[in-house]
Amino acid sequence: MLIPCRYGYGAHHDSSSHAYAGRVTNPAGITGPARLTHPRGTPTNGDFTMTTVKEPYAGYDSLKTRDVVASLHSHSQVELAEIESYERANQDRRVVFDKLRWLRQDEPLPGYDALSIEAVLGALDKADVTEIKRVRGYERKFGARRAVLDEVTRLHRERRVPLVSRDVQG
């Protein structure tokens with residue numbers, strides 16, 4: 001069955017009615033079809049060159065999906081980026097990507113994940129209210145270090161602009 005191309009390039013065969021055959025057809029003329037390990041079509045024999053990517057951390061491939069998702073919270077943004085790249089190239093699990101999408105965000109200060117508590121507190125001395133709020137949200141979501149959260153709360157109270165009461169307006 002031919003279906004019209006939505007981008008204006010003529011018509012294409014409708015492949016939605018074909019069942020997954022488990023083999024790659026070889027329109028380019030490469031000898032012998034490659035066996036597949038994944039429905040997306042990753043070849044496993046010597047007909048194609050495969051790049052091997054190292055696990056983002058030891059034992060990652062042996063973890064079940066729920067264990068991977070549970071472990072993501074304890075990783076830095078740099079590590080989460082590596083995990084996302086590895087996951088995309090290998091198992092491509094939607095549940096993992098959903099959690100990564102929720103966790104991935106910019107650090108509130110450059111190199112924040114690598115900073116010690118003392119370094120964060122030192123950086124907060126010069127921070128404005130907007131930066132303090134970003135640190136507070138990020139720390140609540142990831143580190144939950146009590147000393148940082150207490151200092152953020154204290155600095156926010158100290159530096160915020162008080163609301164003007166409607167009764168005082170003249």
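Preceding this section is the structure that the text describes.
Now for a look at the structure at hand. This one's a predicted model, so the numbers in the text were calculated from it and none came from an experiment.

Here we come to the packing of helix α2 (residues 77-89) against helix α3 (residues 94-103). Remark: α2 packs on α3, axes separated minimally by 11 Å, with the N-to-C direction vectors making an angle of 155 degrees. When the axis of α2 is compared with that of α3, the two are roughly antiparallel. Relative to α3, the crossing made by α2 is left-handed. Residues Gln77, Leu80, Ile83, Glu84, Glu87 and Arg88 of α2 lie in contact with α3, whose contacting residues are Val96, Phe97, Leu100 and Leu103. Residues belonging to the contact of α2 with α3 are distributed by class as follows: 6 nonpolar, 1 polar and 3 charged.

This brings us to the packing of aromatic side chains. A full pass over the atoms with the stated rule returns 4 aromatic pairs. Ring geometry for tyrosine 57 and tyrosine 60: centres 5.4 Å apart, planes at 85 degrees, overall edge-to-face. Taking 5.5 Å as the distance between ring centres and 85 degrees as the angle between the ring planes, the aromatic pair formed by tyrosine 60 and tyrosine 86 counts as edge-to-face. With a gap of 26 residues between them, tyrosine 60 in the loop between β2 (11-13) and α1 (65-71) and tyrosine 86 in helix α2 connect regions that are remote in the sequence. Each member of the pair tyrosine 60 and tyrosine 86 is classed as buried. Chaining the aromatic ring pairs together yields one cluster made of Tyr57, Tyr60 and Tyr86. The side chain of arginine 88 reaches across the aromatic face of phenylalanine 97, ending 4.4 Å from its centre. Directly above the ring of tryptophan 102 sits lysine 141, whose terminal nitrogen or CZ lies 4.1 Å from the centroid.

Below, the discussion takes up helix α5 (residues 129-141). Taking 1.5 Å as the rise per residue, α5 with 13 residues should run 18 Å; its terminal C-alpha atoms sit 18 Å apart, in good agreement. Where α5 is concerned, the buried positions are Ile132, Val135, Tyr138, Glu139 and Lys141. Those residues of α5 hidden inside the fold are in contact with α2, α3, α4 (117-124) and α6 (146-159).

So, about the environment of valine 96. Assignment of secondary structure puts valine 96 in helix α3. Separated by 31 residues in the primary sequence, valine 96 and threonine 65 have C-alpha atoms spaced 7.1 Å apart. Excluding its chain neighbours within four sequence positions, the residues that come into contact with valine 96 are Tyr60, Thr65, Val68, Val69, Leu72 and Glu87.

Right, let's talk about α3 for a bit. Every buried residue belonging to α3 is among Val96, Phe97, Leu100 and Leu103, and all of these are buried. On an axial view of α3, the arc spanned by its buried residues comes to 125 degrees, and they lie on one face. For α3, exposure combined with an orientation more than 90 degrees from the buried face picks out Arg94 and Arg101. Along its buried surface, α3 packs onto α1, α2 and α5.

In this structure, isoleucine 117 sits in helix α4. Discounting chain neighbours no more than four positions away, the residues touching isoleucine 117 are Arg145, Ala147 and Val148.

Definitions and cut-offs
Residues numbered from 1 in each chain as written. Predicted model: local features only at pLDDT ≥ 70, side-chain atom pairs only at ≥ 80, totals over all residues. Heavy atoms only, no water. Axes fitted to C-alpha atoms, helices over the stretch in contact; angles between N-to-C directions. Helix = DSSP H or I, 4+ residues; strand = E, 2+ residues; numbered from the N terminus. Parallel < 35°, antiparallel > 145°, perpendicular 65-115°, else oblique. Left-handed = near helix turned anticlockwise from the far one by under 90°. Contact = heavy atoms within 4.5 Å. Nonpolar A, V, L, I, M, F, W, Y, C, P; charged D, E, K, R; others polar. Phe/Tyr/Trp six-rings, centres within 6.5 Å; stacked < 30°, edge-to-face > 60°. Buried < 20%, exposed > 50% of the residue type's maximum accessible area, 1.4 Å probe, protein only. Lys NZ or Arg CZ within 6 Å of the ring centre and 35° of its normal. Expected span 1.5 Å × (residues − 1). Arc of directions from axis to C-beta.

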